[in-house]
Amino acid sequence: MVKNFIIDTNVLIHDPNSILNFQDNNVVIPFPVIEEIDKLKTRSDKVAKSAREVNRILDSFRNGTPLHKGIKLPGGGILKILALEKNDEKHKIPTYLGESKDDFILYYAMFLKRTDNLPTIIVSKDLNLRIKADALGLESQDYLTDKIDIKLLPDGYYIEENPDKEVEEKGEYDFSELGFKEEPLPNSYLNYGNLFLRYDSKLKKFQSILIDFESEIFGIKPRNVEQVFSLDALLNPDIPFVTLVGKAGTGKTLLALAAGLYCVQVEKLYNKLLVSKPVIPMGKDIGYIPGDIEEKMRPWLQPIYDNLDLLFKGSGKKPEEYLAKKDLLEIEVLSYIRGRTIPNQYMIVDEAQNLTPAEVKTILTRVGEGTKIVLTGDPYQIDNPYLDSSSNGLVYTASKFKDNPLSANITMKKGERSELATVSSEIL
């Protein structure tokens, strides 16, 4: 049955192409949303870029047909911009609704519900708006197109500590030989008794890996099976894209930095280590920060510097000065990454759970020849108000790449920072 979907501004900013993702249903954009898009387009950030893209998409559909009458979409639905006269007694806004943009969207939904026999649904990434809609008896939902059920995200590894069948130690194993009835995902790992293996989808065989609990990279040794597998993926130049998904204290950032430094400084596989993270505050923003880019980014990247200090502990070197002098470390601001090509670098994006799927796509499409990119993050610690554990770019991308031999994902569950940190992440 055809439905009316009323689209909130945040959905259009999140995904300008969302207009095309409602199949044969009616896509209704309230006029106040268009006004808000117009205000956002003059900003100098990623929001402005999305706002301008929305305007271009809407303009491309016009072709001489008035948008208020409805335009046929490629998927079979109808796109319409709805404008209501606020002072018309027939369309008068109820007194319990204020003058906010959200309240106008609720009113537009109420109007459609009263005047149209089709089911009307508000689509918004604003949880509070969806709560208000429910209180008014209006149906609402999140934008579901790029949502991934995090429970369905593969861990990226299998563990058989006490296998029923013993196998002779050798370099390669058929997956059926190890008890698999179906072919494993590319670059998935297996702990089979004392063996640590990685599945090569081209050879269709599990192969022994060189990393184990005695492997040491910049003074760091893996403390659990997940870290063994993570370190192998991080050090493998044949896997150009790695995602490490896990709760706080599992060692994601520390392992990524140790592997990146090793590949750049020791193995010399890449020209430099490039590090960044989304600039999204937890709580109240501290406001303007003076200085150049590195000075402005310093508070955001302090966890990176803390880990670098740990990796260089006892060396007598200050990691920032040493790496800068050798031109081995670059701090990248994600806001300025569009248009760049990044070749032959080891790139780490920390806290990637605060990125949207579209933002992760922008980053990945900047990757040039010979570059390895690592995304790390905790999908349960999200500071972006319009993302959650199922819609963030880290989980979305890891899920989309699960069948691709260019990537490996490790879901890290065992905390190693401290006993207190591990317990806190579980009970708080």
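All of these numbers come straight from a predicted model, not from anything done at the bench.

Cut-offs and rules
- Residues numbered from 1 in each chain as written.
- Predicted model: local features only at pLDDT ≥ 70, side-chain atom pairs only at ≥ 80, totals over all residues.
- Heavy atoms only, no water.
- Helix = DSSP H or I, 4+ residues; strand = E, 2+ residues; numbered from the N terminus.
- Buried < 20%, exposed > 50% of the residue type's maximum accessible area, 1.4 Å probe, protein only.
- Contact = heavy atoms within 4.5 Å.
- Areas by Shrake-Rupley, 256 points an atom, 1.4 Å probe, with all protein chains shown as cover.
- Lys, Arg positive; Asp, Glu negative; His and termini not counted.
- Charge placed at Lys NZ, Arg CZ, Asp CG, Glu CD.
- Domains from an automatic or database assignment.
- Buried area = accessible area lost by both parts, 1.4 Å probe.
- Salt bridge = Lys/Arg side-chain N within 4 Å of Asp/Glu carboxyl O.
- Polar contact = N/O pair within 3.5 Å; in protein donor to acceptor, adjacent residues only side chain to side chain.
- Nonpolar A, V, L, I, M, F, W, Y, C, P; charged D, E, K, R; others polar.
- Pairing = 2+ DSSP bridges.
- Axes fitted to C-alpha atoms, helices over the stretch in contact; angles between N-to-C directions.
- Left-handed = near helix turned anticlockwise from the far one by under 90°.

Things to note about the overall build of the chain
Along its length, the chain carries 13 helices and 17 strands. A buried classification covers 52% of the 428 residues belonging to the chain. For the chain, the share of sequence-separated contacts (at least 6 apart) that also reach a separation of at least 24 residues comes to 67%. As displayed, the chain has an accessible area near 21,900 Å², and 50% of this comes from carbon and sulfur atoms. Side-chain charges in the chain split into 55 positive and 64 negative, and the spacing between the mean points of these groups amounts to 5 Å.

What about the domain arrangement of the chain?
Looking at the assigned domains, one finds that the chain contains domain 1 (4-142) and domain 2 (223-427). On the domain 1 side of the interface with domain 2, the three residues burying the most area are His 14, Lys 46 and Lys 125, jointly 65% of the side's total. Counting across the interface, domain 1 meets domain 2 through zero salt bridges. Between domain 1 and domain 2 we count zero residue pairs in polar contact (both at pLDDT 80 or more) in total. Of all the secondary-structure elements, those providing two or more residues to the side of domain 1 that touches domain 2 are helix 1 (9-14) and helix 3 (46-62). Partitioning the side of domain 1 that touches domain 2 into residue classes produces no nonpolar, two polar and five charged.

Quick notes on the pairing of strand 16 (residues 372-377)
Two faces make up the sheet, and in a regular strand the side chains alternate between them. The buried count for strand 16 comes to six of six residues, which makes it a mostly enclosed element. Pairing analysis gives four bridges linking strand 15 (residues 345-349) to strand 16, with the strands arranged parallel. Each residue of the ladder has a partner; that of Val 349, found in strand 16, is Leu 375.

Comments concerning the packing of helix 6 (residues 225-235) against helix 7 (residues 252-266)
Packing of helix 6 against helix 7 brings their axes to within 9 Å, and their N-to-C directions diverge by 35 degrees. Helix 7 is crossed by helix 6, and the crossing has right-handed handedness. The segment helix 6 lies against helix 7, with Gln 227, Ser 230, Leu 231, Leu 234 and Leu 235 engaging Leu 255, Ala 256, Ala 259, Tyr 262 and Cys 263. Here the residues of the contact of helix 6 with helix 7 sort into eight nonpolar, two polar and no charged.

Focus: the sheet that holds strand 15
Strands belonging to one sheet form pairs held by backbone hydrogen bonds; the direction of such a pair is parallel or antiparallel. Here we have six strands laid out as an open sheet, ordered 14-13-15-16-12-17, and parallel in their pairing. Only two strands of the sheet have a single neighbouring strand rather than two, namely strand 14 (329-331) and strand 17 (407-412). In this sheet, neighbouring strand axes are inclined to one another by 15 degrees on average, regardless of whether the strands run parallel or antiparallel. Judged from the six bridges that link them, strand 12 (residues 241-246) and strand 17 form a sheet pairing that is parallel. The partner of Leu 244 across the bridge, within strand 17, is Ile 410. Against the sheet, helix 6 engages strand 12, strand 15, strand 16 and strand 17, with an angle of about 155 degrees to strand 17.

Here we look at the sheet that holds strand 5 (residues 120-123)
Strand order in the open sheet formed by six strands is 3-4-2-1-5-6, and the pairing between neighbours is mixed. Every interior strand has two partners, whereas the edge strands, strand 3 (71-72) and strand 6 (139-141), have only one. Strand direction decides the pairing type here: strand 3 and strand 4 (residues 78-82), joined by two bridges, are antiparallel. What sits directly across from Ile 71, in strand 4, is Leu 79. Each of strand 1 (4-7), strand 2 (26-30) and strand 4 touches helix 2 (residues 31-40); the most contacted strand, strand 2, lies at about 65 degrees to it. Running at roughly 165 degrees to strand 5, helix 4 (residues 101-115) makes contact with strand 1, strand 2, strand 4 and strand 5 of the sheet.

Considering the side chain of Arg 198
Mapped onto the fold, Arg 198 is located in strand 10 (residues 195-200). When its relative accessible area of 13% is taken as the criterion, Arg 198 is described as buried. A polar side-chain atom of Arg 198 sits 2.8 Å from a polar atom in the side chain of Asn 187. With residues up to four places along the chain from it excluded, the contact list for Arg 198 reads Asn 187, Ser 188, Tyr 189, Lys 205, Phe 206, Gln 207, Ile 209, Asp 232, Asn 236 and Ile 239.

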